[in-house]
Amino acid sequence: MIRTALRGVALAFLLLASAWAQEAAVTRRATDLRDTPSDSGRSLAALPAQAPLTRTDQRQGPWVQVRTAEGATGWVHLFDLGPANTTASGSSGGVVGGALRGVGSLFGGGAAKPATTSTTAGIRGLGAEDLAQAQPDPAAVKQMDGLRTSDADVRSFAERAAWKPVPVEPLPAPARSTAPARSPLQQEMP
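Keep in mind it's a predicted model, so treat the numbers as computed, not measured. (Residues numbered from 1 in each chain as written. Predicted model: local features only at pLDDT ≥ 70, side-chain atom pairs only at ≥ 80, totals over all residues. Heavy atoms only, no water.)

K.L.:
Outline the overall build of the chain, supporting the account with residue identities and numerical values.
P.N.:
Per the secondary structure count, the chain includes six helices and eight strands. Secondary structure elements of the chain, listed N to C terminal, follow the sequence α-β-β-β-β-β-β-β-α-β-α-α-α-α. Per-residue burial over the chain gives 23% buried out of 190 residues. Excluding contacts between residues fewer than 6 apart, the proportion of contacts in the chain whose partners are at least 24 apart in sequence is 56%. (Helix = DSSP H or I, 4+ residues; strand = E, 2+ residues; numbered from the N terminus. Buried < 20%, exposed > 50% of the residue type's maximum accessible area, 1.4 Å probe, protein only. Contact = heavy atoms within 4.5 Å.)

Take a look at the structure:
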């Protein structure tokens, strides 16, 4: 009896995992379907916002392999995907997603891994392996430097937006410990 129940649970789990691996999705904004999981990958097709896609179980870093309604398979950045029931006005891709995507590309790819996050989380965090394999991307750093805004531009925008300065009291200084300071290595030792 218990074995039958466990088999049923295992079968349900496998069906759920299979359904998730072939999950329906849409693009949050216009993007490209790439031949490799990288911004430098060749564009296979231009995908408009809200283009229907099917996620496969393949994932490499922040890139997810997808299949278009026409049957083309390629890679799309995770920030450019949303669940199929998301509308354009309710998506959170936009400027913030694009900026986070740029920051994410600084850490490079990694070994191909199956997707391990739920749709509600959207992104899995960086693990020790990801950090150990991270490589600097000078082109991405240069691109981010190009997005830098000068103090004069910020002040001009604030003036046009009618922003007013508001005084904010500084936070109180933290209480000083009377115990002798220990290095992080000493703190880990018994």
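K.L.:
Lay out unusual backbone geometry in plain terms, naming residues and giving numbers.
P.N.:
Phi at glutamine 50 is positive, roughly 70°, even though this residue is not glycine. If you trace the backbone, glutamine 50 turns up in the loop between strand E3 (43-47) and strand E4 (52-60).

K.L.:
Could you give me a rundown of the pattern of salt bridges, with the residues and numbers involved?
P.N.:
Scanning the entire structure with this criterion turns up five salt bridges. One salt bridge in this structure joins arginine 155 and aspartate 151, with 3.0 Å as the shortest N-O distance. Pair noted here: arginine 155 and aspartate 151 are both in helix H5 (residues 151-160), with a separation of four residues, about one helical turn. (Salt bridge = Lys/Arg side-chain N within 4 Å of Asp/Glu carboxyl O.)

K.L.:
Any chance you could break down the nonpolar core for me, citing the residues and the numbers?
P.N.:
One finds Ala25, Leu33, Leu47, Ala51, Leu53, Val64, Val66, Val76, Leu78 and Leu81 forming the largest nonpolar core, which totals ten residues. Beyond its immediate chain neighbours, meaning those up to four positions away, valine 76 contacts Thr31, Asp32, Leu33, Leu47, Leu53, Pro62, Trp63, Val64, Val66 and Leu81. (Core = buried A, V, L, I, M, F, W, Y, C linked by side-chain atoms within 4.5 Å.)

K.L.:
Please provide a residue-by-residue account of H5, values included.
P.N.:
Counted residue by residue, H5 has one buried out of ten residues, so it is predominantly exposed. One or two positions beyond H5, positive phi appears at alanine 162, with a value near 60°.

K.L.:
Tell me about the environment of glycine 71, and please be specific about residues and values.
P.N.:
Residue position: glycine 71 is located in the loop between strand E5 (63-68) and strand E6 (73-77). Using a relative accessible area of 45% as the deciding quantity, one classes glycine 71 as partly exposed. Sequence separation between glycine 71 and threonine 54 is 17 residues, and the spatial gap between their C-alpha atoms is 9.6 Å.

K.L.:
Got a sec to walk through the side chain of threonine 56? Specific residues and values, please.
P.N.:
Looking at where threonine 56 falls in the secondary structure, it is placed in strand E4. Here glutamine 58 takes part through its backbone nitrogen, which lies 3.3 Å from a polar atom of the side chain of threonine 56. (Polar contact = N/O pair within 3.5 Å; in protein donor to acceptor, adjacent residues only side chain to side chain.)

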